[in-house]
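The chain contents come next:
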Amino acid sequence: MPVVNNASEVINKRKNKRASFASRIGMIALIAFIVYAVIVIIQTEVEMNEQQAVLEDLKEQITAATQENDEYERILGGEDENAYMEMIAIEQYGYAYPNEKRFYIKESTSSDVISSSEESDE
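Within any chain, residue numbers begin from 1 and follow the written order of that chain's sequence. Given that this is a predicted model, residues contribute local features only at a pLDDT of at least 70 and side-chain atom pairs are listed and counted only at 80 or more, while totals for whole chains, interfaces and linings are drawn from all residues. Side-chain numbers come from the whole structure's heavy atoms, not from hydrogens or water.

Please clarify how the overall build of the protein chain should be interpreted in this entry.
Numbering of helices and strands starts at the N terminus; helices are DSSP runs of H or I of at least 4 residues and strands are runs of E of at least 2. Assigned secondary structure in the protein chain consists of three helices and zero strands. If you list the helices and strands of the protein chain from N to C, you get α-α-α. Across the 122 residues that make up the protein chain, the buried fraction comes to 3%. Calculation of accessible area relied on Shrake-Rupley with a 1.4 Å probe; when residues are assessed, cover is drawn exclusively from the protein chains displayed. With the model as given, the accessible surface of the protein chain reaches about 11500 Å², and the carbon-plus-sulfur share is 59%. Relative accessibility under 20% of the residue-type maximum defines a buried residue, over 50% an exposed one, and the middle range a partly exposed one, all with a 1.4 Å probe and only protein chains included.

It is not clear to me how the pattern of salt bridges should be interpreted in this structure. Could you clarify?
Where side chains of opposite charge bring their charged atoms close, a pairing between them can arise. Take a side-chain nitrogen of Lys or Arg and a carboxyl oxygen of Asp or Glu: if they are within 4 Å of each other, that pair is a salt bridge. One pass over the full model with this rule turns up one salt bridge. The salt bridge partner of Glu71 is Arg74, with a shortest N-O separation of 2.6 Å. With Glu71 and Arg74 both in helix 1 (residues 2–77), this residue pair falls three residues apart, about one helical turn. Residue class for Arg74 comes out partly exposed when judged on its relative accessible area of 48%.

Can you walk me through a nonpolar patch on the surface in this structure?
A residue counts toward a patch only above 30% relative accessible area and without a salt bridge, and it is joined to like-charged neighbours within 9 Å or, for Val, Leu, Ile, Met, Phe, Trp and Tyr, to nonpolar neighbours within 5 Å. A grouping of Met27, Leu30, Ile31, Phe33, Ile34, Val35, Tyr36, Val38, Ile39, Val40, Ile42 and Val46 is seen on the molecular surface, where their side chains present a nonpolar patch of about 1100 Å² in accessible area. Note that Val38 resides in helix 1. The exposure class of Val38 is partly exposed, given its relative accessible area of 43%.

So what exactly am I meant to see when it comes to the confidence of the model for the protein chain here?
Any region with low pLDDT has predicted coordinates that should not be read closely. Each residue carries a pLDDT score, the predictor's own confidence in it, on a scale running from 0 to 100. For the protein chain, per-residue confidence averages 80 on the pLDDT scale, and residues scoring 70 or more make up 73% of the total. Taking the mean pLDDT of every element in the protein chain, the minimum, 55, falls on helix 3 (residues 110–121) and the maximum, 85, on helix 1.

How do you make sense of the packing of aromatic side chains when you look at a structure like this?
For any two aromatic rings, the description comes down to two numbers: the centre-to-centre distance and the angle of the planes. Here is the rule: rings of Phe, Tyr and Trp (six-membered ring for Trp) pair when centre to centre is within 6.5 Å. Planes less than 30 degrees apart are stacked, more than 60 are edge-to-face, and the remainder are tilted. Inspection of the entire model under this criterion finds one aromatic pair. Ring geometry for Tyr93 against Tyr95: centres 6.3 Å apart, planes inclined by 40°, an arrangement best described as tilted. Neither residue differs from the other here; Tyr93 and Tyr95 are each classed as exposed.

Following this line, the structure appears as structure tokens:
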């Protein structure tokens, strides 16, 4: 019966090789999955940090807009609404009172200085 014994040993060796190969494949798959999971977790953390920074920026913008809105409500809700509108009309739109004369300072450039000096020489 040594032939049967040798045959069963060969079969057992083949099964062990297959089991060993399958366990190696399984181990490689498990390691690959773990590496993939770690990479996904890191990417998610990075994205969360970026989104947190965007959220903080948006909160700051909301705070600034709220303060500006409160200021507008204070101005428009108060008794000085006409004074505010008058100030905006004069400063931003260049309106003037009737019979008001406006004088504007013209900044001279080097070409203006040269041309005025040439006129005085003639």
